[in-house]
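Residues per chain are reported as follows:
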Amino acid sequence: VQLQASGGGLVQAGGSLRLSCAASGRTFSTYAMSWLRQAPGKEREFVAGISGSGTITKYADSVKGRFTISRDNAKNTVYLQMNSLKPEDTAVYYCVGGLTIASMNYWGQGTQVTVSS
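Definitions and cut-offs
- Residues numbered from 1 in each chain as written.
- Predicted model: local features only at pLDDT ≥ 70, side-chain atom pairs only at ≥ 80, totals over all residues.
- Heavy atoms only, no water.
- Disulfide = S-S within 2.5 Å.
- Helix = DSSP H or I, 4+ residues; strand = E, 2+ residues; numbered from the N terminus.
- Buried < 20%, exposed > 50% of the residue type's maximum accessible area, 1.4 Å probe, protein only.
- Salt bridge = Lys/Arg side-chain N within 4 Å of Asp/Glu carboxyl O.

Visitor: Please explain the state of the cysteines as it appears in this structure.
Guide: Here, the word disulfide means a covalent bond between the sulfur atoms of two cysteines. Inspection of the entire model under this criterion finds 1 disulfide. In this model Cys21 forms its disulfide with Cys95; the gap between the sulfur atoms is 2.1 Å. In this structure the cystine formed by Cys21 and Cys95 twists about its S-S bond by roughly 50°; its chirality is therefore right-handed. Of this pair, Cys21 sits in strand β3 (residues 17-23) while Cys95 sits in strand β9 (residues 91-98); the two residues are 74 residues apart in sequence, bridging distant segments of the chain. A residue is classified by how much of its surface remains accessible, and Cys21, at 0% relative accessible area, is buried.

Visitor: Quick question: what am I supposed to make of the pattern of salt bridges here?
Guide: Side-chain pairing between opposite charges can occur once the charged atoms of the two side chains come close. Counted according to the given criterion, the structure contains 4 salt bridges. Linking Asp89 and Arg66 is a salt bridge whose minimum nitrogen-to-oxygen distance equals 2.7 Å. Linking Asp89 in the loop between β8 (77-82) and β9 with Arg66 in the loop between β6 (57-59) and β7 (67-72), this pair joins segments that are 23 residues apart in sequence. For the pair Asp89 and Arg66, a shared accessibility class is recorded, and that class is buried. Connected via shared salt-bridge partners are Arg37, Glu45, Arg66 and Asp89.

Written as structure tokens, this is what we have:
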């Protein structure tokens, strides 16, 4: 599985961005997908995950109520809608795929999100 993330950019605090991650292959719906992020000088952290069917989602406490993960299996794409962005959301965001949300077997390249105060 190859993953291609896009949609990052520079936004002011309180603004919104939508990240997309396009996957190759015909078995996309069998993979759980997640978004992780890594800020400068910090460890990589889990942001959100979604099951293959899209019926199960999980979020880090820091983004609950602000971020929404979704997927379109017909388009082999997973999304991360980010609202009410904060400067502390600034990081490189990675999309990741695996058999479960916890397993991270396939990684896309990161996309930079910068939130200015």
